[in-house]
Amino acid sequence: PTRPRTPPRLWEKLVDGMAYFFGFERSTARWVDAATFSRMLSRKKLKVDSEETVLRAFLDWAEVPGREAKSIDQVAPLVRFPLVRVCLPDGAIKDALSRVYRRSPVVKALVQEALALQQEVSRAGEAAACATFRRKRLISAIAAGSADVSADVDRSKKRKLCVNDAVPGVSAADAADALMA
């Protein structure tokens, strides 16, 4: 189903208001389309307490029956995977992440990128590792028919309202424990 034809600016303001004033409700985000979810995740002041909350909402959204892999691939770069422990993840995240990882080549690449950065943080420290972390291009357009809004996103940088987020270090022992679990 398509959303009602409302003036684009009005729709954008509504989505922005939902993302900021009502917080980031996983149950609500689950049912929005890719363009709306992308817009919510692109908010500079997304009202969340940690990137893990964003990842959980993304996984819930990605696992909606009928969700196309192409849509998942477009939205996934907006999740800052390096800020969430991907090696030995929380049990509630592990199963869903595993399913989406197998389904989406972009999620697979982002998880591998996050793990590489987390291992580098363990070796060199967060400041040194993040200084060399390569920025990636985002999706070329957030909404169909919109102007080109390509932007760089630094996935190792915490969101403004996520005061306690940081790139966790992952040691060889952590990786071995994850393999043997």
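One can find the structure itself at the top, above this paragraph.
Given the structure is predicted, the values throughout are model-derived calculations rather than measurements. (Residues numbered from 1 in each chain as written. Predicted model: local features only at pLDDT ≥ 70, side-chain atom pairs only at ≥ 80, totals over all residues. Heavy atoms only, no water.)

**What about the overall build of the protein?**
- Counting its secondary structure elements, the protein contains nine helices and two strands.
- Start at the N end of the protein and walk to the C end: the helices and strands fall as α-α-α-α-α-α-α-α-β-β-α.
- Going through the 181 residues of the protein one by one, you find that 41% of them count as buried.
- Here the analysis covers contacts within the protein between residues at least 6 apart in sequence; of these, 74% occur between residues at least 24 apart.
- Only carbon and sulfur atoms are counted for the fraction: they give 55% of the accessible area of the protein, which is about 10200 Å². (Helix = DSSP H or I, 4+ residues; strand = E, 2+ residues; numbered from the N terminus. Buried < 20%, exposed > 50% of the residue type's maximum accessible area, 1.4 Å probe, protein only. Contact = heavy atoms within 4.5 Å. Areas by Shrake-Rupley, 256 points an atom, 1.4 Å probe, with all protein chains shown as cover.)

**Quick word on the nonpolar core**
- Counting residues in hydrophobic clusters, the biggest one holds 31 residues, and the most contacted among them are Phe58, Trp61, Phe81 and Val107.
- When contributions to this core are tallied by element, the ones reaching two or more residues are helix H3 (34–42), helix H4 (51–62), helix H5 (69–75), helix H6 (91–103) and helix H7 (105–124).
- Among the elements that take part in this core, H4 stands out by supplying seven residues, more than any other.
- Contact partners of Val107, with chain neighbours within four places excluded, come to Phe58, Ile72, Ala76, Phe81, Leu97, Val100 and Tyr101. (Core = buried A, V, L, I, M, F, W, Y, C linked by side-chain atoms within 4.5 Å.)

**Observations regarding a positive patch on the surface**
- Together, Lys44, Lys45, Lys157 and Lys160 make up a positively charged patch on the protein surface.
- Note on placement: Lys44 falls in the loop between H3 and H4. (Patch = residues over 30% accessible without salt bridge, like charges linked within 9 Å, V, L, I, M, F, W, Y side chains within 5 Å. Salt bridge = Lys/Arg side-chain N within 4 Å of Asp/Glu carboxyl O. Lys, Arg positive; Asp, Glu negative; His and termini not counted. Charge placed at Lys NZ, Arg CZ, Asp CG, Glu CD.)

**Comments concerning H6**
- Compared with the 18 Å implied by 1.5 Å per residue over 13 residues, the 19 Å span of H6 between its first and last C-alpha is a close match.
- Those residues of H6 lying buried are Ile93, Ala96, Leu97 and Val100.
- On the buried face of H6, the contacting elements are H4, H5 and H7. (Expected span 1.5 Å × (residues − 1).)

**Digging into the environment of Ala129**
- Structurally, the position occupied by Ala129 is in helix H8 (residues 126–131).
- On the accessibility criterion, Ala129 (2% relative accessible area) is buried.
- For the pair Ala129 and Val167, spaced 38 residues apart in the sequence, the C-alpha separation amounts to 9.4 Å.
- Residues within four places of Ala129 in sequence aside, it is in contact with Leu117, Glu120 and Val121.

**Looking at the packing of aromatic side chains**
- One pass over the full model with this rule turns up three aromatic pairs.
- Summarising the aromatic geometry, the rings of Phe37 and Trp61 are spaced 5.0 Å apart at their centres and angled 20 degrees between planes, so their arrangement reads as stacked. One end of the pair, Phe37, is in helix H3; the other, Trp61, is in helix H4, and 24 residues separate them in sequence.
- Residue classification places Trp61 among the buried residues on the basis of a relative accessible area of 0%. (Phe/Tyr/Trp six-rings, centres within 6.5 Å; stacked < 30°, edge-to-face > 60°.)

**Examining the pattern of salt bridges**
- Under the defined criterion, the tally for this structure stands at three salt bridges.
- Residue Arg56 is joined to Glu52 by a salt bridge in which the shortest nitrogen-to-oxygen separation is 2.6 Å. Of this pair, Arg56 and Glu52 are both found in helix H4, four residues apart, which corresponds to roughly one turn of the helix.
- Here Glu52 falls in the partly exposed class, since its relative accessible area comes to 28%.
- Glu63 is the salt-bridge partner of Arg99, the closest N and O atoms lying 2.4 Å from each other. Taken together, the residues span a long stretch of sequence, with Arg99 in helix H6 and Glu63 in the loop between H4 and H5 at a distance of 36 residues.
- On the basis of relative accessibility, which here comes to 41%, the residue Arg99 falls in the partly exposed class.

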